[in-house]
Every structure is written in C-alpha cells, then in structure tokens.
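In case you want the letters, here they are:
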Amino acid sequence: MAKEKTVYTCTECGGASPRWLGKCPHCNAWNTLIESVADNASAPKNRYSQQFQSLAKACEVTALADIEATDMSRTPTGHEELDRVLGGGIVEGGVVLIGGDPGIGKSTLLLQALDSLERAGLNTLYVTGEESGAQVALRARRLGLDGSQVKVMAEIQLDKILATLEATRPAIAVIDSIQTVYSGQLTSAPGSVAQVRECAAHLTRAAKSSGVCIVLVGHVTKEGALAGPRVLEHMVDTVLYFEGDTHSSFRLVRAIKNRFGAVNEIGVFAMTEKGLKGVSNPSAIFLSQHSEPVPGSCVMVTLEGTRPLLVEIQALVDDGGPNPRRLSVGLDRDRLAMLLAVLHRHAGVACMDQDVFVNAVGGVRISEPAADLAVMLAITSSLRGKALPKGFLAFGEVGLAGEVRPAPRGQERLKEAAKLGFSVAVVPKANAPKKPIEGLTIHAVERIEQALDLMRSLQ
C-alpha cells in the first residue's frame with residue numbers, strides 16, 4: 001500500500017509546505033507548521049463552484065449613500081451578561097466563536113442560553129460532537145432545566161449537520177465543538193488545520209445564506225489561544241473568550257471581536273450548582289473585604305468596554321536583599337518596573353533594595369495605563385506602612401516625565417465610584433468634572449509629586 005502523502009500546514013495563515021520548516025514561508029511565523037495528510041489528488045479541484053454559484057447573486061455597484069441600511073435586529077438570549085458581550089443579543093445569520101479552557105463553562109452557558117431561547121418560542125439546535133445525547137440530557141437535569149425542549153443532535157459529519165440545518169431551520173444552532181467536525185471531502189483527521197478551516201467556512205456560508213445564527217465552540221491551546229488556523233477568527237463575526245480560574249467561582253466572558261457591537265466588553269458570571277448566573281454588580285467581586293483600610297491597598301476604576309469596574313490594587317513592599325523581585329499579577333510587569341523608576345526619579349520614593357509585589361484583586365487583568373496612579377499610590381502606602389483613607393480611589397496614566405495624563409471617559413468612572421459610595425478621588429486635572437458630583441470630593445493633580453503630597457495630607 002502506498003504511503004499517504006503528507007503536507008505541513010501553518011496554523012497562523014493556513015499556508016502549506018511540502019516539508020517541515022522552522023519558519024512559515026508564507027507569513028514568516030515561527031514553529032507553526034503542523035503535519036497533516038494531503039488532500040486526495042483525484043478529488044475535484046472546483047468543489048466550491050456549485051456552492052458559490054448558488055449563493056452568488058448579480059449585483060450592481062452602488063454608492064454607499066444610496067444603500068438603505070438598517071440596524072440588525074437582535075434577539076435577547078435571556079442572560080443579560082451574555083447579551084452585553086454579544087452587543088444586545090444574537091443576530092440573524094451571525095457566526096459566533098467562543099473559546100476557553102476545558103471545564104470553564106462554555107457548554108453549560110450555551111445550554112442555558114438555548115433553553116431560555118427555546119422557552120421564548122425560538123427553534124434551537126445543539127450539535128454535540130464530544131458527548132452523547134444522554135450526557136447532554138444529564139447535564140441539563142443537573143442545571144435544573146427540567147422539561148427542556150432543546151433539540152440535540154450527536155453528530156460530527158459536516159454533510160449531515162448541514163442537511164439538518166437546512167431541514168430544521170433553527171433560529172440558533174450550537175456546534176460543540178468545531179474541532180470534532182470533519183468533512184468527507186478531505187482526507188485529514190478531524191481537528192487538523194485543513195478540517196477546521198474547511199468546516200468553519202461551510203458553516204459560515206450556511207449561516208449567511210439561511211439566516212441561522214451559528215455558535216461555534218472552539219478548543220484552546222496550552223498558551224490560551226484558539227486552536228486551529230488564525231483565519232478561523234477572521235471568518236466569524238464575533239469572537240468570545242472565557243476567562244477565569246477553574247478553582248474560582250467567577251467567570252469572565254470577553255468579546256475580542258464583534259462586528260455587531262463593541263469589543264472588549266465583558267460579562268461576569270458566577271458558577272453555581274444550577275449553572276452560570278450573571279453578576280449584576282461585578283465591582284463587588286474586585287473590591288476588598290477589609291473592615292478597616294490597610295496599607296498597600298488602593299481602588300481604581302477601569303473600563304471594560306462600556307462598563308466601568310472598580311478594582312482594588314494591592315501592593316506589598318518588603319526587604320529584598322541584593323536581588324529584589326518585581327512581580328505583578330493582572331498587570332503588565334514591564335510597566336511596573338517603569339513606574340518604580342518614575343517613582344524614584346520624580347517623587348523620591350526609592351525601592352531599589354525592596355521586593356515589590358502588585359496584584360489586581362479578583363483575577364481581573366488590567367491592560368489600560370489608567371491604573372498607573374493607583375499602583376504608585378498603593379506601593380507608596382505599603383512602603384510607608386500607612387493606609388489610604390476609607391472611600392479613596394485614584395486613576396490616571398503616569399508618563400516618564402512624572403506627569404499625570406488623563407484617562408478616557410473619566411466622567412463615567414467618577415459617577416460609578418460615587419454610586420458605590422466612594423467619597424475621595426484623585427484624578428488627572430483633565431478629568432476633573434466641570435460640575436461637582438454629589439458625595440464625591442475630587443482632587444485634580446498634574447504631577448505624581450502632587451498626588452503623593454495629597455496622599456500624605458489625607459493619611
């Protein structure tokens with residue numbers, strides 16, 4: 001029997017190479033070529049022609065001003081936090097890709113959402129390639145979804161899935177997961193780069209032509225990125241990531257891409273015995289539970305999409321000896337080193353021989369530079385051993401020259417803090433509101449030295 005011909009495919013761009021190379025010759029990415037079985041040479045090369053002919057329609061070139069455009073109608077899923085991330089609900093013909101670590105709650109959340117939509121009168125379909133129908137039914141009963149009318153189909157063959165979608169025409173269909181689906185037109189194994197790309201393309205075309213909203217569940221690699229070719233994220237309309245520690249009861253769903261809504265929106269869920277429940281006030285998760293203020297703690301307001309969140313920044317400064325450590329959890333480590341240098345040069349606070357540990361409470365990751373001022377105040381508070389006053393918060397970006405730069409949408413941050421009972425805020429001068437905010441005393445600063453002097457006067 002002749003040996004099957006193999007080809008090496010890039011997981012980033014999908015390009016093929018006849019032999020293994022350290023660097024992809026198409027996109028120059030390193031260590032991305034994976035061996036797979038080459039397509040059958042006898043297969044027809046134009047297998048897409050009939051599908052494209054059925055979908056393609058003659059259309060004249062039209063100016064943008066002459067095109068009648070209306071907002072996409074959305075159907076709420078029954079879960080407010082999920083609707084927030086999706087941009088208001090599911091869209092007809094939309095394709096959503098959701099990824100996350102094993103056991104984090106992807107299938108649980110989607111099964112709950114399908115049950116809510118089914119009870120609202122919509123036709124739904126749950127296609128599982130990793131479990132049997134009995135396993136899905138057992139999970140539904142554990143979640144308290146008794147009497148659920150969600151249609152379940154245990155299948156991994158693409159042609160049968162597409163035929164079922166055409167026959168039943170559900171409003172929303174979940175494919176769990178795209179890595180288990182395979183097309184008989186390819187000889188490679190399910191989960192390979194070619195199979196994932198091919199099956200996702202077929203399902204996307206089916207969604208656009210029929211109006212079915214399709215949700216694809218995707219596996220992730222050990223680095224946390226979505227498994228399969230990077231082109232998979234370009235095909236779909238929305239990409240969601242499940243975040244959070246499996247040992248914690250809280251989960252974050254973050255929108256990385258959304259053609260129908262804002263990106264970087266997050267939904268906060270709590271894992272309970274009855275599945276995932278939305279958290280109405282997520283700031284309570286990330287704030288301290290101290291009865292009295294403690295040194296090294298400062299609250300800031302960060303923006304996640306359109307939602308302001310109050311997060312506690314904790315810092316611990318301790319004797320470090322000749323090789324002090326710099327460690328940050330939830331914040332950029334390189335930015336921490338930069339802030340310590342600015343703190344020394346412009347404010348006279350030296351930490352060269354000290355271990356510095358910084359943590360964002362609750363497992364949240366803060367990527368925006370508006371956390372700079374809160375981090376520096378928390379470090380100074382821990383070093384001096386004096387706590388900041390109760391109800392104190394700060395936000396603002398700090399530059400290398402020691403200036404405090406404004407943060408975007410400062411008014412919304414301050415209003416959210418006042419709503420939660422905070423009374424003192426240190427903000428950049430450009431973020432100072434023109435009208436006073438009831439219950440909140442605002443101190444505007446231009447440089448880091450002014451912020452530290454103000455902090456000492458309040459302690």
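Residues numbered from 1 in each chain as written. Predicted model: local features only at pLDDT ≥ 70, side-chain atom pairs only at ≥ 80, totals over all residues. Heavy atoms only, no water.

A.B. asks: Any chance you could explain helix α9 (residues 333-347) here in plain terms?
C.D. replies: Quick reminder: α-helices carry 3.6 residues per turn. Residues three or four places apart thus point the same way. Taking 1.5 Å of rise per residue, the 15 residues of α9 would be expected to cover 21 Å, and the 21 Å separating its terminal C-alpha atoms lies within 8% of that figure. Among the residues of α9, Leu336, Leu339, Leu340, Val342 and Leu343 are the ones counted as buried. Viewed end-on, α9 has its buried residues packed into an arc of 165°, placing them on one side of the element. Set apart from the buried face of α9 by more than 90 degrees, the exposed residues are Asp334 and Arg345. At its buried positions, α9 is contacted by β17 (326-329), β18 (354-360), α10 (372-384), β20 (397-398) and α12 (448-458). Where α9 starts, the residue carrying a side-chain oxygen 3.3 Å from the main-chain nitrogen of Asp334 turns out to be Asp332. (Helix = DSSP H or I, 4+ residues; strand = E, 2+ residues; numbered from the N terminus. Expected span 1.5 Å × (residues − 1). Buried < 20%, exposed > 50% of the residue type's maximum accessible area, 1.4 Å probe, protein only. Arc of directions from axis to C-beta. Contact = heavy atoms within 4.5 Å. Polar contact = N/O pair within 3.5 Å; in protein donor to acceptor, adjacent residues only side chain to side chain.)

A.B. asks: How do you make sense of the nonpolar core when you look at a structure like this?
C.D. replies: It is characteristic of soluble globular proteins that their nonpolar side chains tend to be buried jointly. Counting residues in each nonpolar core, the largest one holds 48 residues, and the members touching the most others are Ile313, Val358, Ile366, Leu373, Val375, Leu377 and Ile379. Ranked by residue count, the leading element in this core is α10, at seven residues. Once you skip the residues sitting within four places of it in the chain, Ile313 turns out to touch Gly296, Ser297, Cys298, Met300, Leu331, Val358, Asn359, Ala360, Ile366, Ala374, Val375 and Ala378. Counting 30 residues, the second largest nonpolar core, distinct from the first, contains Leu82, Ala113, Val136 and Cys213. (Core = buried A, V, L, I, M, F, W, Y, C linked by side-chain atoms within 4.5 Å.)

A.B. asks: Looking at this structure, how should I read helix α4 (residues 133-142)?
C.D. replies: Among all positions of α4, only Val136, Arg139 and Ala140 are buried. One side of α4 holds all its buried residues, which, seen down the axis, span an arc of 100°. Of the exposed residues in α4, those oriented more than 90 degrees away from the buried face are Ala134, Leu138, Arg141 and Arg142.

A.B. asks: Before we go on, may I ask you to explain the pairing of strand β10 (residues 213-218) in this structure?
C.D. replies: Walk down a regular strand and you will see the side chains alternate between the two sheet faces. Across the six residues that make up β10, a large majority, six, are buried. Of the two faces of β10, the one carrying Cys213, Val215 and Val217 and the one carrying Ile214, Leu216 and Gly218 are both buried. One ladder, built from five bridges, connects strand β6 (residues 95-99) with β10; its direction is parallel. The partner of Val95 across the bridge, within β10, is Ile214. Each parallel crossover has a hand, and the one from strand β9 (residues 172-176) via helix α6 (residues 193-210) to β10 is right-handed. (Pairing = 2+ DSSP bridges. Right-handed = clockwise from strand over helix to strand, strands pointing away.)

A.B. asks: Help me understand the pattern of salt bridges in this model?
C.D. replies: Side chains carrying opposite charge are able to pair once their charged atoms draw close together. Under the criterion given, the structure shown has 20 salt bridges. A salt bridge links Glu397 to Arg335, with the shortest nitrogen-to-oxygen separation between them at 3.7 Å. Of this pair, Glu397 sits in strand β20 while Arg335 sits in helix α9, placing them 62 residues apart in sequence. Looking at Glu397, the relative accessible area reads 24%, which means it is partly exposed. (Salt bridge = Lys/Arg side-chain N within 4 Å of Asp/Glu carboxyl O.)

A.B. asks: Is there a simple way to think about the pairing of strand β13 (residues 266-272) in this case?
C.D. replies: Of all seven residues making up β13, five are buried, and the element is well covered by its neighbours. In the sheet, β13 pairs with strand β14 (residues 275-278) via four bridges, with the strands oriented antiparallel. Bridging from a neighbouring strand, Thr272 pairs with Gly275 of β14. Following β13, the chain reverses through two residues before pairing antiparallel with β14.

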